[in-house]
Amino acid sequence: MPGPAKPPRPRDPRGSVRRQPGPGARPVRRPGAPRPAAGAAPALRLGSPRPRLRMVGLALTLVLTVFVVRLLQVQAVDAGAYAAKAEQNRYVVHTLAAERGGITDRNGVALAISEDAYDITADPTMFTSKQLKIGDGPEQAAALLAPILGKSQADLLKLLRPENKELRYVRLATRQTPQVWKQIKDLKAALTAKAGTDGRTVNVLAGVFADPSSQRVYPNGDLAAGILGWVNADGKGGGGIESQLDKELTGKDGKIRYAQSGGREVPTAGSTETPAVAGSDVELTIDRDIQWAAQNAITEQVKKSKADRGYVVVQDTRTGQILAMANSPGFDPNDLSTADAADLGNAALQDAYEPGSTAKVMSMAAVLEEHAATPLTHVEVPNRLHRGDRLFKDDADHATWYLTLNGVLAKSSNIGTILATGQLGKTQAQANQVLYSYLRKFGIGSYSGLGFPGETKGILAAPDKWSTSQQYTIPFGQGFSINAMQAASVYSTIANGGVRVEPTLVRGTKGADGRFTPAAQPKKSRVVSEKTAKTLAEMLESVVDDQQGTGTKAAIPGYNVAGKTGTANRVDPATGRYSGYTSSFAGFAPADKPRITVYCAIQNSTQGSYFGGQICGPIYKQVMEFALKTLQIPPTGAKAADLPVDYKP
């Protein structure tokens, strides 16, 4: 049977069935219902969200304010400083080294050139632990670079980890060959590739770069090294023409500025470049072949004689241009590590020594120009001559010689020269003054005019300062000093008709624009008359052509040769005392129409002969013959003067 029916559920006035509240449920008060009576439990209400929203909004406002203030500081207040830092880190400025000008001989043959090279550089900021993420980056880099660059790890480490933490550019090595830079590039590439594969390796060479540079090369080795000089580690001339004309040879460096990232150039960021201006080429007056002949001849004789050193100067008598200036021993400017410090420089210009009998030609020039005697004047020459506080003699004991003035020069008599120059004044003091004036006119006691680094002007005291012995030794070449260039210039003056032309080594320069600028014309001055010069040339022929002359070994078949021997007591530079001899020979050819002067001197020959005519005469002949053939100077065919050497009393 069906059960009793359930009472119906109360309905909500809005028409929906109202759910009965469960146990513990909050009573719901319908609108319009009376409030609960006093003492009844209060009804629960939801909290307002507004305070929390205000706190969140305030916090966000503070954060945004901080960001805005910082943004204003970065973009407005400190914008310049941050831009500068960004610029510094992004852009790199490198120097573009100017190519050094070349040096050639008079025919354009290269004597000094510059070849491509690289300066190996680094950015120390790229070796920090912050940049590389390792603490020993500089040590690893130094260990890798040391054997390649030939430097110690300690020296490289000082450069890679400098005291100045903001330093961004250091030179690790200068003027390295392209092969050295290729080794470093290959090593950098290998480290980069390895770092990309394992993710742990660090390229410690990422901050190593190369600036294009140049390396000085001397194709002929030690040839003309005394003239050329060398270039030092800083790329500056260290001696010779390289130093004298360093400004012209160096040119002007340029600069390049580019953006970089990770040590590499950013090609799309653009760059600015100030191109370098190459140095000027210098053309010398010397002839490479004649220089070789002179250097070869003096080197062999110095070795054969076991001498300290020797020099040969070859000069064009008409222009004063130097065709050769050779020294022995010399040095190779390509490798100064093997050179003896005493051999660096140009001894032909830097050594001062007493010339000996080659200087007698100046005494004879004074005697002839002052009309104190003629080549035929009779001079009675005793075995000994007492003058002042000394007893003078010739190079060998002899009975009384009855010589002409020409014979005094031909036989190189010291006593005869003293007697002849004594006629230059009524008193010895007057004679001294006259002789001194002619020595000065010939350039003794003055710089040659070359302006060469380290050149000596020699020593010539004023005549009132001459000692008792100097009054009589200076006429025959002792008691004053000269250099080899001065000695050659004396003979070129006589060969040039009595007009002295300052010697020159540089013909001109060629700039980067290819324009050749000739050197300034040398100064000229008349020393003696043309007649006196011609007479002296004829007297000098007797030294070589006459069998009684001291220079017979200098004779050249087919040519008339004018020359003079010299053998002087030598002052040892180490002790300041006389020790050994200076042997020399000077002359020009053809004697009747001079074109070339050759001067040779050898210091302290210790094996074989030490007489100038014996060891320097053959060098003069060898070098003069070569020069005459090289310059294609034919014999003049004139007959020798054949002046008498002696007379019968």
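Given the structure is predicted, the values throughout are model-derived calculations rather than measurements.

What counts, and where the lines are drawn
Along every chain, residues carry numbers that run from 1 in the direction the sequence is written. Local features in this predicted model are restricted to residues of pLDDT 70 or higher, and side-chain atom pairs are both shown and tallied only at a pLDDT of 80 or more, whereas totals for entire chains, interfaces and linings draw on every residue. Side-chain numbers here rest on the full set of heavy atoms in the structure, without hydrogens or water. Helix and strand labels come from DSSP, where a helix needs a run of H or I of at least four residues and a strand needs a run of E of at least two; each type is numbered from the N terminus. Partly exposed describes any residue whose relative accessible area lies between the buried limit of under 20% and the exposed limit of over 50%, with all areas from a 1.4 Å probe on protein chains only and scaled to the type maximum. Contact between two residues is taken to exist if any of their heavy atoms lie within 4.5 Å; hydrogens are not considered. Each accessible area is a Shrake-Rupley estimate made with a 1.4 Å probe; only the visible protein chains count as cover when residues are assessed. Take the buried Ala, Val, Leu, Ile, Met, Phe, Trp, Tyr and Cys residues and link them wherever side-chain atoms come within 4.5 Å; each set so joined is a nonpolar core. Between rings of Phe, Tyr and Trp, where Trp is taken as its six-membered ring, a pair exists when centres lie within 6.5 Å; planes separated by under 30 degrees are stacked, by over 60 edge-to-face, and by other angles tilted. Here a polar contact means two N or O atoms within 3.5 Å. Within protein one must be a hydrogen donor candidate and the other an acceptor candidate, and residues neighboring in sequence count only if both atoms are side-chain atoms. Simply put, an axis is a line fit to the C-alpha atoms, just over the touching stretch for a helix, and the angle between two N-to-C directions goes from 0 to 180 degrees. Rotating anticlockwise by less than a right angle from the far helix to the near helix defines a left-handed crossing, while the corresponding clockwise rotation defines a right-handed one. Classification used: nonpolar for Ala, Val, Leu, Ile, Met, Phe, Trp, Tyr, Cys and Pro, charged for Asp, Glu, Lys and Arg, polar for all others including Gly. Note on pairing: two strands pair once DSSP finds at least 2 bridges between them. One speaks of a salt bridge when a side-chain nitrogen belonging to Lys or Arg is within 4 Å of a carboxyl oxygen belonging to Asp or Glu. One fewer than the residue count of a helix, multiplied by 1.5 Å, yields its expected span.

A.B. asks: Pulling in residues and values, what's your account of the overall build of the chain?
C.D. replies: Scanning the chain from N- to C-terminus turns up 20 helices and 24 strands. Expressed as a percentage of its 649 residues, the buried residues of the chain come to 46%. Taking the contacts inside the chain whose residues are at least 6 apart along the sequence as the reference set, 72% of them involve residues at least 24 apart. Carbon and sulfur atoms form 53% of the exposed surface of the chain, whose accessible area is close to 33,700 Å².

A.B. asks: Report on the nonpolar core, specifying residues and quantitative values.
C.D. replies: With 91 residues, the main nonpolar core has Ile241, Leu284, Met325 and Met362 as its most contacted residues. With eight residues, helix H17 (residues 484-495) is the largest single contributor of residues to this core. If we skip the residues at most four places from it in the chain, Met362 touches Leu439, Phe442, Ile444, Phe480 and Val490. Of all hydrophobic cores here, the second largest spans 31 residues; its members include Ile298, Val302, Ile596 and Ile619.

A.B. asks: A description of the packing of aromatic side chains should follow, citing residues and the corresponding values.
C.D. replies: Each aromatic ring pair is described using two quantities: the centre-to-centre distance and the angle formed by the ring planes. The full count for this structure, using the stated rule, is 11 aromatic pairs. Taken together, a centroid distance of 6.2 Å and an interplanar angle of 75° make the contact between Phe392 and Phe476 edge-to-face. One end of the pair, Phe392, is in strand S16 (residues 390-393); the other, Phe476, is in the loop between helix H16 (470-473) and H17, with 84 residues separating them in the sequence. Overall, Phe392 belongs to the buried group, its relative accessible area being 3%.

A.B. asks: Can you explain the environment of Lys564? Please cite residues and give values.
C.D. replies: The topology assignment puts Lys564 in strand S22 (residues 562-571). We classify Lys564 as buried; its relative accessible area is 0%. Once residues lying within four places of it in the same chain are set aside, the contact partners of Lys564 are Ser357, Thr358, Lys360, Leu409, Ser412, Tyr491, Leu540, Val543, Thr550, Ser584, Phe585 and Ala586. Side-chain polar atoms of Lys564 contact the side chain of Ser412, separated by 2.8 Å.

A.B. asks: Tell me about the packing of helix H12 (residues 360-369) against helix H15 (residues 428-441), and name the residues and values.
C.D. replies: Between H12 and H15, the least distance of the axes is 9 Å, while the angle of their chain directions is 115°. Crossing angle aside, the handedness with which H12 passes H15 is right-handed. Contacts from Met362, Ser363, Ala366 and Glu369 in H12 reach Leu435, Tyr438 and Leu439 in H15. Along the lines of polarity and charge, the residues of the contact of H12 with H15 split into five nonpolar, one polar and one charged.

A.B. asks: How would you explain the pairing of strand S24 (residues 596-603) if you had to name every residue and give the values?
C.D. replies: Successive residues of a regular strand alternate their side chains across the two faces of the sheet. Within S24, eight of the eight residues are buried, which leaves it mostly tucked inside the rest of the structure. The alternating pattern of S24 places Ile596, Val598, Cys600 and Ile602 on one face and Thr597, Tyr599, Ala601 and Gln603 on the opposite face, and all of these are buried. Pairing of strand S12 (residues 309-316) with S24 involves eight bridges; the strand directions are antiparallel. Bridge pairing in S24 places Gln315 opposite Thr597. Pairing of strand S23 (residues 578-589) with S24, which is carried by eight bridges, proceeds in the antiparallel orientation. Its bridge partner lying in S24, Ser583 is registered against Ile602. Hairpin connection, S23 to S24: the antiparallel pair is bridged by six residues.

A.B. asks: Which residues make up the sheet that holds S24, and what values go with them?
C.D. replies: Whenever strands of a sheet pair, they do so through backbone hydrogen bonds, lying parallel or antiparallel. Pairing is antiparallel across the open sheet formed by five strands, whose spatial order is S13-S12-S24-S23-S22. Sheet topology places strand S13 (322-328) and S22 at the edges, where each strand pairs with a single neighbour. The average angle at which neighbouring strand axes cross in this sheet is 10°, direction not considered. Relative to the sheet, helix H18 (residues 530-545) contacts S22 and S23, its axis offset from that of S22 by approximately 75°. Helix-sheet contacts for helix H20 (residues 617-630) involve S12, S22, S23 and S24, and the interaxial angle to S23 is about 30°.

A.B. asks: Please provide a residue-by-residue account of the pattern of salt bridges, values included.
C.D. replies: Inspection of every chain in the model, using the stated rule, returns 13 salt bridges. Taking the shortest distance from any N to any O, the salt bridge between Arg507 and Glu283 comes out at 3.3 Å. Taken as a pair, Arg507 in strand S19 (residues 506-510) and Glu283 in strand S11 (residues 281-284) lie far apart in primary sequence, 224 residues in all. Linking Arg309 and Asp351 is a salt bridge whose minimum nitrogen-to-oxygen distance equals 3.3 Å. Here Arg309 is found in strand S12, whereas its partner Asp351 is found in the loop between helix H11 (347-350) and H12, with 42 residues between them in sequence. Among the residues examined, Arg309 registers a relative accessible area of 15% and is labelled buried. One connected set of salt bridges, linked through shared partners, spans Arg100, Arg216, Glu242 and Asp246.

A.B. asks: Could you give an account of H17, with specific residues and numbers?
C.D. replies: For the α-helix, the turn length of 3.6 residues means that residues three or four positions removed from each other point alike. The first and last C-alpha atoms of H17 sit 17 Å apart over 12 residues, in line with the 16 Å expected at 1.5 Å per residue. Within H17, 12 of the 12 residues are buried, which leaves it mostly tucked inside the rest of the structure. If you check which residues of H17 are buried, you get Ala484, Met485, Gln486, Ala487, Ala488, Ser489, Val490, Tyr491, Ser492, Thr493, Ile494 and Ala495. The N-cap residue of H17 is Asn483: its side-chain oxygen and the backbone nitrogen of Met485 are 3.0 Å apart. Looking one or two residues past H17, Gly497 carries a phi angle of roughly 75°, positive in sign.

A.B. asks: Tell me what's going on with the side chain of Thr597, and back it up with residues and numbers.
C.D. replies: Mapping Thr597 onto the fold places it in strand S24. A polar contact is formed between the side chain of Thr597 and the side chain of Ser492, at a distance of 3.0 Å. Discounting chain neighbours no more than four positions away, the residues touching Thr597 are Val313, Val314, Gln315, Thr317, Ala488, Tyr491, Ser492, Gly587, Phe588 and Met624.

A.B. asks: Describe the side chain of Gln486, naming the residues involved and giving the relevant values.
C.D. replies: Within the secondary structure layout, Gln486 lies in helix H17. Sequence-distant contacts of Gln486, defined by excluding residues within four places in its chain, comprise Gly443, Gly445, Ser446, Thr456 and Lys457.

A.B. asks: Account for the environment of Asp394, naming residues and giving values.
C.D. replies: Within the secondary structure layout, Asp394 lies in the loop between S16 and strand S17 (401-404). Overall, the relative accessible area of 3% leaves Asp394 in the buried class. Spatially, the C-alpha atom of Asp394 lies 7.4 Å from that of Asn383, the residues being 11 residues apart in sequence. With residues up to four places along the chain from it excluded, the contact list for Asp394 reads Val381, Trp401, Ser413, Asn414 and Ile415. Engagement of the side chain of Asp394 in a polar contact is seen with the side chain of His398, the distance being 2.8 Å. A polar contact is formed between the side chain of Asp394 and the backbone nitrogen of Ile415, at a distance of 3.1 Å.

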